[in-house]
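# Overview (structure and organization)
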Amino acid sequence: LLKQKADGSDKSLSTCQTSTKKKQPLKAGKSQEVTAINGNRNVVKSKSTNKTDSGSAKDSPGLAKPKSKGVVTNKNLNGIKSDGKACKEKKKSGDTLKEKSDIKHKRRKVEEHAEQQPTEAEIWFDDVDPKDIEAAIGPEAAKIARRNLGLETDQSKQSVEQVLVKEKASEGLTRAVAMDCEMVGVGPKGEDSIVARVSIVNQFGKCVYDKYVKPTEEVTDYRTAVSGIRPENIKTGEDFKTVQKEVAEILEGRILVGHSLRNDLKVLFLDHPKKKIRDTQKYKPFKERVKHSRPSLKLLCEKLLNVQVQTSEHCSIQDAQAAMRLYTLEKKKWDAAVKNKCNNESSK
């Protein structure tokens, strides 16, 4: 019996080895280890179950086969999983790096743009057309200048006429009138001025008087770019004496409004009571608000009325309307200040 069992174990070992070699293409070391284990187990089983040699030989490769295959399969699956995770991690890290580089690039662009843009502190100059600033420095500087001047930049901005003229109002003379004159140059270099046009508007901006004036001397500079006067305008104009008389009659007893009125009265050879003059260039609150000792009419309109005047050739009607509109903004305060000043002077 002992001899038969020994022979059976040897046979089972040999058959197990041959079957694993044929069916499982594993490495030599691993396949031998598995078959040895299987062979020992088969020997034990043969002892307990008393199976024949052929049965143990058949069972042993069946036990070895799924184990060896399982090992290979698990290895492959683990390899696939690990590779997939690595790919995903690589892709994720690549996307993160790309996003970080994009953010850095955008941030750098914003910083560069911010460095190039002028600040409000740099746009300090007064009485300069924002269009000129835009041409010289750029649109951002012009935007700051318009904001400082209180200008509107949207398309819903009111027209100049809508701001300066009250549509449904009296067209006759009122207690206050505004006057503006256009002048041309005479003399060798055209430096001396004579009146070429006189325009007067009432308190609502309605024109009550507008006449061209025939020159009393030879004109050497029409100053068309500023005055808007051309030879044909004044060639057929009204006689100076007639205009002077008509204007004096209108102004008598009324408050006279205008910008730098001293020059207008000078070319007309007229005078007017000081207490009845409202000069927008000399009004102290206006000068303080625009921060200028001698503000232009254009600057005052941009800053206080949000409209642009004198953008090209001047118009005496529009200039008179602008001066009147500025006066009506501060009418009560202005009149009260003049009255108090006159009372103080008379009491002294």
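Residues numbered from 1 in each chain as written. Predicted model: local features only at pLDDT ≥ 70, side-chain atom pairs only at ≥ 80, totals over all residues. Heavy atoms only, no water.

As annotated in an unreviewed UniProt entry, the protein is RNA exonuclease 4 from Centropus bengalensis. As recorded by UniProt, the Sequence similarities (unreviewed entry) comment attached to the protein reads in full: "Belongs to the REXO4 family." Comment text from UniProt for the protein, heading Subcellular location (unreviewed entry), reads "Nucleus". (UniProt positions renumbered as here; feature names shortened; annotations may be inferred.)

Another point: the nonpolar core. For soluble globular proteins, the rule of thumb is that nonpolar side chains tend to be buried together. In terms of nonpolar packing, the biggest core is built from 28 residues, with Leu 164, Cys 301 and Leu 326 touching the most fellow members. Elements with a contribution of two residues or more to this core: α6 (160-164), β1 (176-186), β5 (255-258), α11 (284-290), α12 (297-305), α13 (316-329) and α14 (331-347). Of the residues forming this core, the biggest block, 7 residues, is contributed by α13. Among the nonpolar cores identified, the runner-up in size contains 19 residues, and Val 198, Val 247, Leu 251 and Leu 256 belong to it. (Core = buried A, V, L, I, M, F, W, Y, C linked by side-chain atoms within 4.5 Å. Buried < 20%, exposed > 50% of the residue type's maximum accessible area, 1.4 Å probe, protein only. Helix = DSSP H or I, 4+ residues; strand = E, 2+ residues; numbered from the N terminus.)

This part takes up unusual backbone geometry. Residues other than glycine seldom take positive phi values, yet Ser 260 does so here, at roughly 55°. Structurally, Ser 260 is set in the loop between β5 and α10 (261-268). Here Ser 260 falls in the buried class, since its relative accessible area comes to 16%. Here Lys 291, not a glycine, exhibits a phi torsion of approximately 55°, which is positive. Relative to the helices and strands, Lys 291 resides in the loop between α11 and α12. The class for Lys 291 is exposed, based on a relative accessible area of 68%.

On to the layout of surface pockets, then. Empty space within the largest pocket amounts to approximately 590 Å³. Residue lining of the largest pocket: 19 residues in total, with Lys 274, Ile 277, Asp 279, Lys 282 and Lys 341 positioned closest to the centre. Broken down by secondary-structure element, the contributors of at least two residues to the lining of the largest pocket are α10, β6 (277-279) and α14. Counting residues per element, the lining of the largest pocket draws most heavily on α14, at 6 residues. Partitioned by chemical class, the residues of the lining of the largest pocket number 8 nonpolar, 1 polar and 10 charged. The calculated volume of the second largest pocket comes to roughly 400 Å³. Around the second largest pocket sit 17 residues that line it, and Asp 180, Cys 181, His 259, Gln 310 and His 314 are the ones nearest its centre. Its residues assigned to classes, the lining of the second largest pocket shows 4 nonpolar, 7 polar and 6 charged. (1 Å grid on protein atoms, 1.4 Å probe; cavity = no way out; pocket = protein on both sides within 12 Å on 5 of 7 lines; lining within 4 Å. Points joined across faces, edges and corners; volume = space filled by probe spheres on them. Nonpolar A, V, L, I, M, F, W, Y, C, P; charged D, E, K, R; others polar.)

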